[in-house]
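If you want the building blocks of each chain, they are given just below.
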Amino acid sequence: MSKSLVTAKEFLTKIEDDEKLIRQKLYERVYWEELTANTVANIDGVRVKSSSDGTTLQKQITEIVLIDQEIQNLKNDISFRISVMSKLAPTEYIMLPQ
């Protein structure tokens with residue numbers, strides 16, 4: 001498998017893309033947090049029309065956890081890209097592995 005080369009500008013543009021995705025994921029997280037706060041679990045065994053069977057809350061919490069993992073992966077990618085760039089001399093900025 002061969003790696004393609006990109007310019008430093010393209011390499012750093014990915015940081016901007018990651019930052020945009022992080023902002024988007026944070027909005028999604030707020031959405032799921034609000035849904036979770038509004039979900040009432042059936043804890044005393046009395047079923048009413050608006051009660052949840054518990055799986056709704058689990059699904060919402062799972063979404064929040066997955067979003068947190070995606071955000072962390074994006075942050076890790078940003079850190080990696082910054083660390084690569086900080087180790088290079090300006091003359092080496094022309095081409096970088098993607």
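Residues numbered from 1 in each chain as written. Predicted model: local features only at pLDDT ≥ 70, side-chain atom pairs only at ≥ 80, totals over all residues. Heavy atoms only, no water.

Observations regarding helix α1 (residues 8–38)
Stage number 1. Helix length check: α1 (31 residues) gives 46 Å between terminal C-alpha atoms against 45 Å at 1.5 Å per residue, within 8%.
Stage number 2. For α1, the complete set of buried residues consists of Ala8, Phe11, Ile15, Asp18, Ile22, Lys25 and Thr36. (Helix = DSSP H or I, 4+ residues; strand = E, 2+ residues; numbered from the N terminus. Expected span 1.5 Å × (residues − 1). Buried < 20%, exposed > 50% of the residue type's maximum accessible area, 1.4 Å probe, protein only.)

Description of the nonpolar core
Stage number 1. In this structure, Ile15, Ile22, Ile67, Ile71, Leu74 and Ile78 together form the largest nonpolar core, which totals six residues.
Stage number 2. Among the secondary structure elements, those contributing two or more residues to this core are α1 and α2 (55–87).
Stage number 3. Those residues in contact with Ile15 that sit more than four places away from it in its chain are Ile78, Arg81 and Ile82. (Core = buried A, V, L, I, M, F, W, Y, C linked by side-chain atoms within 4.5 Å. Contact = heavy atoms within 4.5 Å.)

With respect to the pattern of salt bridges
A side chain with one charge can pair with a side chain of the opposite charge if their charged atoms come near.
Stage number 1. Counted according to the given criterion, the structure contains seven salt bridges.
Stage number 2. Here Asp18 makes a salt bridge to Lys14, at a shortest N to O gap of 2.5 Å. Within this pair, Asp18 and its partner Lys14 are both found in helix α1, separated by four residues, close to a single helical turn.
Stage number 3. The exposure class assigned to Asp18 is buried, which follows from its relative accessible area of 0%.
Stage number 4. When its relative accessible area of 30% is taken as the criterion, Lys14 is described as partly exposed.
Stage number 5. Of the charged contacts in the structure, one is a salt bridge between Glu70 and Lys25, with a shortest N-O distance of 2.7 Å. In this pair, Glu70 sits in helix α2 while Lys25 sits in helix α1, placing the two residues 45 residues apart along the sequence. (Salt bridge = Lys/Arg side-chain N within 4 Å of Asp/Glu carboxyl O.)

Points about the confidence of the model for the protein
Stage number 1. Confidence in the prediction for the protein averages 81 pLDDT; 76% of positions are at 70 or higher.
Stage number 2. Per-element confidence in the protein ranges from a low mean pLDDT of 54 for strand β2 (residues 96–97) to a high of 92 for α2. (pLDDT = per-residue confidence, 0-100.)

Examining α2
Stage number 1. Spanning 33 residues, α2 covers 48 Å between terminal C-alpha atoms, matching the ideal 48 Å at 1.5 Å per step.
Stage number 2. Within α2 the residues assigned to the buried category are Gln60, Ile64, Ile67, Ile71, Leu74, Ile78, Arg81 and Met85.

A look at the packing of aromatic side chains
Remark: the centre distance and the inter-plane angle together describe each pair of aromatic rings, the angle taken between the planes.
Stage number 1. As enumerated under the stated definition, the model contains two aromatic pairs in all.
Stage number 2. With a centroid separation of 5.4 Å and 80° between ring planes, the pair formed by Tyr31 and Trp32 is classed as edge-to-face.
Stage number 3. Overall, Tyr31 belongs to the partly exposed group, its relative accessible area being 45%.
Stage number 4. Overall, Trp32 belongs to the partly exposed group, its relative accessible area being 21%. (Phe/Tyr/Trp six-rings, centres within 6.5 Å; stacked < 30°, edge-to-face > 60°.)

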